Amino acid sequence: MAFASSPHKNGSGMNARSTGRLDNRPGSVNSTAKPVTPPATVTASAPMRPKSASPSSSFNTGTRRGSGGSLKNGSDNGGVPGRVRVAVRLRPRNSEEMVADMDFADCVELQPELKRLKLRKNNWDCETYQFDEILTETASQKRVYEVVAKPVVESVLEGYNGTVMAYGQTGTGKTFTLGKLGEEDTADRGIMVRAMEDILANVTSVDDSVTVSYLQLYMETVQDLLAPEKDNIAIVEDPKTGDVSVPSATHVELQDQRSFVRLLQAGEANRFAANTKLNTESSRSHAILLVNVRKVVKPKVGDRESPNENGGSPQVGKSNIRAPTIRKSKLLIVDLAGSERVDKSGSEGHTLEEAKSINLSLTALGKCINALAENSPHVPIRDSKLTRMLRDSFGGTARTSLIVTIGPSPRHRGETASTIMFGQRAMKVENMVKLKEEFDYKSLCRRLETELDRLVAENERQVKARQDEEEDYETKLKEAREFAAEAESKLTTAMVSIEAERKEYQQKLAEAVQKMERAEKELKTVAQDYQLEKKERNSHAEKLKHQKDLTDAMQKHQKELTDEKQRQQKELAEALQKLEIERAQRERLERDLKEATQRLQEMDESLEQGNEVLELKLLLEKESQLREQLELELQTLKSQPPKLPHGIEAKHNEELLALRRKLEEESKHRERLEEENSRLREQLTILSEEGEESRKTIDKVPSGRSSEGSQSPSVHKPSNHMRDTINGQRATIAKLFEQVGLQKILSLLESEDVDVRVHAVKVVANLAAEEANQEKIVEAGGLGSLLMLLQSSEDETIRRVAAGAVANLAMNETNQELIMAQGGIGLLARTADDAEDPQTLRMVAGAIANLCGNDKLQIKLREEGGIRALLGMVRSRHPDVLAQVARGIANFAKCESRGAAQGYKTGRSLLIDDGALPWIVANANNDASPIRRHIELALCHLAQHEVNAKDLVAGGALWELVRISRECSREDIRNLAHRTLNASSTFQTELNRRQLVC
């Protein structure tokens, strides 16, 4: 079923004024869907505009209010009514939703055969809505195009304006539906690519033309994606017809599909995008593809022109030549930025301002659609540049198709309901579709004049040619007669001479035959002698060749034996070296075990970890026995001379393979023991710190809270105890902040008493965790006091808590510049060099990682040692520290990639200059998911800049990029790596050289 009606008929389906919502309330007598009211008959004449509605306030004054006209020469076509057609597309669940919503059903239920969907309120109540088309999560890109956009494209080719627009929450697949290029899979091509294929297939390169402009509406400014320097393009409106245009934008005339794909790639590279919690590459602007089609419709020979407006007929002469018709139409494909809620997307800083601008423009669009749906006398089109650009699409002369995209997650039910209601209101909007064509009389006149001149000249040439031909025929006839007489005399003379030559040649032929017979006899004799001599030479050569083959085989076998002997000796040496390393590691584990045992004994019965330590000790003793057995076996093998006959060589190889397997098993076993030992040590550290923190907090709590502390659970329930402790701390801090004041608390940071400074810095750190308090702390001088503590204090607790407070303040862009201006990065770097506590290093790494996400501070951050400090903290090997280091590197690489795309960052990456690439490659496949995810993102961003490609190949990063494009659990990172590999000529050359396929 076609998604939109034909250009001359109002399509079947819902009434243009019906809401599309069905009664499905619980408890009603009939809870089934009500039948849809058939569409009312609409006349071709446009309704009169009310007096209160000015021409400028109408959404399209040229059509909907009846004051416009067609582009056809001298005609005033009132247009054909056509409602906005709306389809709904459901995105399948992504990996995050499969985990988070595993126990919950989808919030929507689709009924594609009835063109309905149900939106669940709860387990027993739902709402039913009717649309023109329902597309399930399994619908292909081709079906989406044929249902939604193809009828509009066909109308554009017939001379009507058309619009295809996608609306929905961020991350629901709008850009995938419209702008997917299909480079990896042809079936994934979006509406833009498929629409241009159909347009180019139906135009001729001689008479027709297709021009394209690619724009984005970013922060209420129209920018040219094909020429980024044009960042504030004016919107021009025709005062007569009300048509909207952007004459200063770049207009590119297309010849083939490849050039269009290259334009889309260039435009997408200049489009603004950001990483949010809902989408790693969230579009931050509305993209508008403007396609202008100029098509010449040539009449058939002998067709008569219909009478013009004066009652005459444009017939010319007897040939009844009809004037050609020019159809000028326009296609708009609009990829709206997704609506989002800040609390869900996590937008902040500049990203938050972008989200506000997006939501304001979408709100303005919704107001205009509501006004049109309700036949309001005033339509606020000038509230936003988006509504001005879409003036002809809603309530105008264009044929419009809207696809709304939704997600299945019940967590976003509110956004899904808002999107559905937007589509319902859009279905009430009616457009007056008009044909845009005019007659090309100038072209017809030029063609007739040219044809007349050609016929006159042709007639003159034919008369002159006929006279010249008659004269030539007479001259040639006379010459032919003379030539025939001369030829007869020459023929007689030639016959006589030929007869004499024939007799001479016969005599010479007989002599040549006799000489040939004698030569054949001599040749036979020479051939027999040559065959005998050849047989003798062949037998002698075969004997020499056989001897040489035997000698080469013996030498080759001897060399293989020698090489095998050397390889076996080398493997024995490596095995001994590995055993030495394993012995040293076993001793280190034993020392760590002793330290853990001592700490467990000091904690008495509070931690109850003795059994695990005993089991660990037994496992280490077993490992020691196995190590000794392997050493004895290796010494026995080393003492035996490496004899390599055929039988013993095979046995020796089997023993080496078994030894290798044992070594690998021992290595894995040792790693498990190390992880278990590290986990025990972390538990001891965390539990001891929690106990100390709880005791100190209870001692400092006012008397009014002492009764609550006495009711806290025992130490055997650490989670409840920590929760009560944190709640008590927050209540105490809030009360202390109200009673004492921020300035008094900050003055305590300079106290001579260490305990007072410790408690004061903890209070400031907790206050800094709240965004509302950060500005107050900075204005009161708290940032300078925290940095002074990092510089002067020698207490590990003070430095750790102060670094955490700085990390909280560094989440704000303004505070980041203040931290850099006051030398904060240098102090953090020195703290990282001096500290050994993993928690202190984690706080410092978190602060530097937040600073790495600021584009303006990258050069200064690197000059003051920020990157060096990050890389230096990997010595801790603590997973939390490594996760923060990886996050900082990912933020830094992302800023560099964005700078390179926008043109102000050139040259090799500063991360590569500071030697971060080896660590990045080594941890790209880390077992810890947070570390691996950040490192994978950092590699993809580094690889997007072509100048880094050679260093990445030399450092072994190409293999990791290939692995990420194949095995990464996150689809967005996997696609980003795949696109990066395909876009880089250096990577493609290296992959082809190594015969790898991405």
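Owing to the predicted nature of the structure, the values given are computational and were not obtained by experimental measurement. (Residues numbered from 1 in each chain as written. Predicted model: local features only at pLDDT ≥ 70, side-chain atom pairs only at ≥ 80, totals over all residues. Heavy atoms only, no water.)

A. Geometry of the nonpolar core. Grouped together as the largest cluster of nonpolar side chains are 91 residues, with contacts concentrated most on Ile848, Met873, Val885, Trp919 and Phe987. Once residues within four sequence positions are removed from consideration, Phe987 is found in contact with Ala943, Ala949, Leu952, Val953, Leu958, Leu961, Thr980 and Leu981. In this structure, Val86, Val108, Leu110 and Val246 belong to the second largest nonpolar core, which totals 50 residues. (Core = buried A, V, L, I, M, F, W, Y, C linked by side-chain atoms within 4.5 Å. Buried < 20%, exposed > 50% of the residue type's maximum accessible area, 1.4 Å probe, protein only. Contact = heavy atoms within 4.5 Å.)

B. Spatial organisation of the packing of aromatic side chains. Counted by the stated rule, this structure contains two aromatic pairs. Summarising the aromatic geometry, the rings of Tyr167 and Phe422 are spaced 3.8 Å apart at their centres and angled 10° between planes, so their arrangement reads as stacked. One end of the pair, Tyr167, is in strand β8 (residues 162-168); the other, Phe422, is in helix α9 (residues 413-426), with 255 residues separating them in the sequence. The pair Tyr167 / Phe422 is uniform in exposure class, with both members buried. (Phe/Tyr/Trp six-rings, centres within 6.5 Å; stacked < 30°, edge-to-face > 60°. Helix = DSSP H or I, 4+ residues; strand = E, 2+ residues; numbered from the N terminus.)

C. Molecular detail of the pairing of strand β9 (residues 209-218). Counting buried positions over the ten residues of β9 gives eight, a clear majority of the element. In terms of strand pairing, β9 meets strand β16 (residues 286-297) through nine bridges, oriented antiparallel. Across the sheet, the residue bridging to Ser209 is Arg294, located in β16. Pairing between β9 and strand β13 (residues 252-253): two bridges, direction antiparallel. Looking at β13, one finds that Val212 is bridged to Val252. Sheet analysis places β9 next to strand β10 (residues 221-224), joined by four bridges and oriented antiparallel. By the bridge assignment for β10, Leu215 is matched with Asp224. Joining the antiparallel neighbours β9 and β10 is a turn of two residues, in which Met219 adopts a positive phi near 55°. (Pairing = 2+ DSSP bridges.)

D. Broad picture of unusual backbone geometry. Phi at Glu220 takes a positive value of approximately 60°, unusual for a residue other than glycine. In this fold, Glu220 is placed in the loop between β9 and β10. Residue Arg877 is not a glycine yet carries a positive backbone phi of 60°. In this fold, Arg877 is placed in the loop between α24 (866-872) and α25 (879-902). A relative accessible area of 71% places Arg877 in the exposed class.

E. Here's a closer look at a negative patch on the surface. Taken together, the side chains of Glu469, Glu470, Glu471, Asp472 and Glu474 make up a negatively charged region of the molecular surface. Looking at where Glu470 falls in the secondary structure, it is placed in helix α10 (residues 441-602). (Patch = residues over 30% accessible without salt bridge, like charges linked within 9 Å, V, L, I, M, F, W, Y side chains within 5 Å. Areas by Shrake-Rupley, 256 points an atom, 1.4 Å probe, with all protein chains shown as cover. Salt bridge = Lys/Arg side-chain N within 4 Å of Asp/Glu carboxyl O. Lys, Arg positive; Asp, Glu negative; His and termini not counted. Charge placed at Lys NZ, Arg CZ, Asp CG, Glu CD.)

F. Local environment of the packing of helix α28 (residues 929-943) against helix α31 (residues 971-983). Relative orientation of the contacting elements α28 and α31 amounts to 25°, with a least axis distance of 9 Å. Taken together, the axes of α28 and α31 lie roughly parallel to each other. The interaxial crossing formed by α28 with α31 has left-handed handedness. The residues of α31 that touch α28, namely those facing Arg933, Glu936, Leu937, Cys940, His941 and Ala943, are Ile973, Leu976, Ala977 and Thr980. When its residues are assigned to classes, the contact of α28 with α31 shows six nonpolar, two polar and two charged. (Axes fitted to C-alpha atoms, helices over the stretch in contact; angles between N-to-C directions. Parallel < 35°, antiparallel > 145°, perpendicular 65-115°, else oblique. Left-handed = near helix turned anticlockwise from the far one by under 90°. Nonpolar A, V, L, I, M, F, W, Y, C, P; charged D, E, K, R; others polar.)

G. Layout of a nonpolar patch on the surface. A cluster of nonpolar side chains, namely Leu491, Met495 and Ile498, defines an oily patch on the protein surface of about 320 Å² accessible area. Note on placement: Met495 falls in helix α10.

H. Molecular detail of the state of the cysteines. Tallied over the full model, the rule gives zero disulfides. Lacking any disulfide linkage, Cys940 is separated from the closest cysteine sulfur, that of Cys968, by 7.6 Å. Here Cys940 falls in the buried class, since its relative accessible area comes to 0%. (Disulfide = S-S within 2.5 Å.)

I. How the structure looks around the pattern of salt bridges. Applying the stated criterion across every chain yields a total of 33 salt bridges. Residue Asp335 is joined to Arg271 by a salt bridge in which the shortest nitrogen-to-oxygen separation is 3.0 Å. Residue Asp335 is located in strand β17 (residues 325-335), and its partner Arg271 is located in the loop between α5 (257-270) and β14 (273-274); the two are separated by 64 residues in the primary sequence. Accessibility classification places Asp335 together with Arg271 in one group, the buried group. Shared partners join several salt bridges into a network, and the residues in it are Glu237, Arg382, Arg388 and Arg391.

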